[in-house]
Amino acid sequence: MADLTKILLVDDNPKYLEDVLPFYGYEVVCARNGQQALDILFSKDNGIDLVLLDVMMPKMDGWETLKSIRNNPVSKNIPVIMVTAVNDDKKMVSGLKIGADDYIVKPFILPNLLARMEAVLRRSKLYCAKPFENNVTINQINSVNSLTSREKDVLLLVTKGESNKSIADKLVLSQVTVKSHLNSIFKKLNVTNRTQAVLVAMQMNLVEK
């Protein structure tokens, strides 16, 4: 029997996910603050496949914990999904640059979280098995090359955490046009949201990390 996927849940109130994730085939290890999480992750052979990291925690918040995870050779390649109550594009982009793999905003519905977990784990396993130019795939190269000049301008501003209104003002466009460009970008990059679009842009070195 294959080993269960092992999730490190870092949250000062983990009960809901601690109880429900095992029903979906995950082994769950809990840490109630960032320091506890680092103690687990920095141990060799910790077996952690994915970290669900809450942003607001005592002792050490999620941002500082993420920085430490990425700066340690034992844990730097473990995928991390940030869990936050604040839907702030600039903070999300900042977290992606630090090394977050995705975000889920509270309150979330469980199927959404499970889908994001599966997607991040799938990408992680794919990159480990088939490295290609720092994990950039041929499909991603073709997708980015298919963007129009204006779509690239919009995407660049998205990677800076700009809102639709701010993008519209800076590019002298209507917000409806910006939304149309974003829909086209998402379709071409085969993503569903701004966070995933920023990740592709970072993988393609379209934005400084």
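Here's a quick rundown of the structure. On a predicted model such as this, the values are computed, not experimentally measured, just so you know.

1. What to know about the packing of helix α3 (residues 62–71) against helix α4 (residues 89–98)
Logical step 1: Running from N to C, α3 and α4 point in directions that differ by 20°, and their axes come no closer than 9 Å. For the element pair α3 / α4, the angle class is roughly parallel. Residue-level inspection shows Trp63, Leu66, Lys67 and Arg70 of α3 in contact with α4, the latter providing Lys91, Gly95 and Ile98.
Logical step 2: Across the contact of α3 with α4, the residue classes tally to 3 nonpolar, 1 polar and 3 charged.

2. Examining the nonpolar core
Side chains of nonpolar character tend, in soluble globular proteins, to be buried together.
Logical step 1: The biggest cluster of nonpolar side chains holds 45 residues, and the ones touching the most others in it are Leu8, Val10, Val51, Leu53, Met82, Ile185 and Leu189.
Logical step 2: The leading source of residues in this core is helix α10 (residues 194–203), at 6 residues.
Logical step 3: Beyond its immediate stretch of four places on either side in the chain, leucine 189 contacts Ser143, Val144, Leu147, Leu155, Ala197 and Val200.
Logical step 4: Listed in part, the 17 residues of the second largest apolar core include Leu50, Leu52, Ile81 and Leu114.

3. Section: the pairing of strand β2 (residues 26–31)
Logical step 1: In terms of strand pairing, strand β1 (residues 5–10) meets β2 through 6 bridges, oriented parallel. Within β2, the position partnered with isoleucine 7 by the bridge is valine 28.
Logical step 2: With helix α1 (residues 15–20) bridging β1 and the parallel β2, this β-α-β connection has right-handed handedness.

Thresholds, definitions, all that
- Residues numbered from 1 in each chain as written.
- Predicted model: local features only at pLDDT ≥ 70, side-chain atom pairs only at ≥ 80, totals over all residues.
- Heavy atoms only, no water.
- Axes fitted to C-alpha atoms, helices over the stretch in contact; angles between N-to-C directions.
- Helix = DSSP H or I, 4+ residues; strand = E, 2+ residues; numbered from the N terminus.
- Parallel < 35°, antiparallel > 145°, perpendicular 65-115°, else oblique.
- Contact = heavy atoms within 4.5 Å.
- Nonpolar A, V, L, I, M, F, W, Y, C, P; charged D, E, K, R; others polar.
- Core = buried A, V, L, I, M, F, W, Y, C linked by side-chain atoms within 4.5 Å.
- Buried < 20%, exposed > 50% of the residue type's maximum accessible area, 1.4 Å probe, protein only.
- Pairing = 2+ DSSP bridges.
- Right-handed = clockwise from strand over helix to strand, strands pointing away.

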